[in-house]
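# Architecture and fold: a report
One-letter residues, chain by chain:
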Amino acid sequence: MNISLGLKGVAKTLDLEVAMEAEQIKATLQAALDKPEELLSLTDKHGQQILINPRVIAYCQISESQPQRVGFGIG
C-alpha cells in the first residue's frame, strides 16, 4: 500500500510504500494518535524504518500500490 502523510508546516508530503493492509495502517495510525507522546514507527518496502512524531501529522492518504510501467504504450 502507498501512504502519503501530510505534515504540519511542511509543503511536501511524505510518501511511503509499505507491506501492510489499509486496515493495519489505520489501526497503527490511530494507536499513534491516541498516544502522541510515542513515535509512529513505519517500515517501508526497502526495510527502512521511519519514525514520525504523531503531533505533526495533518492527514494520511492510503492507496493501492500501482505497478511500475516501463516503456511506451500505444493506444
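Just so it is clear, the model here is predicted, and its values are computed rather than measured.

Basis of the calculations
Residues numbered from 1 in each chain as written. Predicted model: local features only at pLDDT ≥ 70, side-chain atom pairs only at ≥ 80, totals over all residues. Heavy atoms only, no water. Buried < 20%, exposed > 50% of the residue type's maximum accessible area, 1.4 Å probe, protein only. Helix = DSSP H or I, 4+ residues; strand = E, 2+ residues; numbered from the N terminus. Pairing = 2+ DSSP bridges. Salt bridge = Lys/Arg side-chain N within 4 Å of Asp/Glu carboxyl O. Axes fitted to C-alpha atoms, helices over the stretch in contact; angles between N-to-C directions. Core = buried A, V, L, I, M, F, W, Y, C linked by side-chain atoms within 4.5 Å. Contact = heavy atoms within 4.5 Å.

On to the pairing of strand β3 (residues 40–43), then. Only one face of β3 is buried: it carries Leu 40 and Leu 42, and the other face, with Ser 41 and Thr 43, is open. In terms of strand pairing, β3 meets strand β4 (residues 49–52) through four bridges, oriented antiparallel. Considered in β4, the bridge of Leu 40 is made with Ile 52. What sits between the antiparallel neighbours β3 and β4 is a turn of five residues, in which Gly 47 has the positive phi angle 85°.

Where side chains of opposite charge bring their charged atoms close, a pairing between them can arise. Inspection of the entire model under this criterion finds two salt bridges. Among the ionic pairs, Glu 17 bridges to Lys 45, the shortest N-O distance being 3.4 Å. Of this pair, Glu 17 sits in strand β2 (residues 14–17) while Lys 45 is found in the loop between β3 and β4, placing the two residues 28 residues apart along the sequence. A residue is classified by how much of its surface remains accessible, and Lys 45, at 49% relative accessible area, is partly exposed. Here Glu 23 ties to Lys 26 by a salt bridge, and the two come within 3.4 Å at their closest N and O atoms. Pair noted here: Glu 23 and Lys 26 are both in helix α1 (residues 22–34), with a separation of three residues, about one helical turn.

With that settled, the discussion passes to the sheet that holds β2. The three strands lie next to each other as β2-β1-β5, forming an open sheet whose pairing is antiparallel. In the strand order of this sheet, the two ends are held by β2 and β5 (57–63), each with one partner. Each strand axis lies, on average, 20° off the axis of its neighbour in the sheet, ignoring direction. Where strand β1 (residues 2–7) meets β2, four bridges bridge the pair, whose relative direction is antiparallel. Bridge assignment links Ser 4 to a residue of β2, and that residue is Asp 15.

What follows concerns the nonpolar core. Core analysis: the largest hydrophobic core is formed by 15 residues, its most contacted members being Leu 5, Leu 40, Leu 42, Ile 52 and Ile 57. Sorting the residues of this core by element identifies β1, α1, β3 and β4 as the ones contributing at least two each. Setting aside its immediate chain neighbours within four residues, Leu 42 contacts Ile 3, Leu 5, Leu 16, Met 20, Thr 28, Gln 48, Gln 49, Ile 50 and Ile 52.

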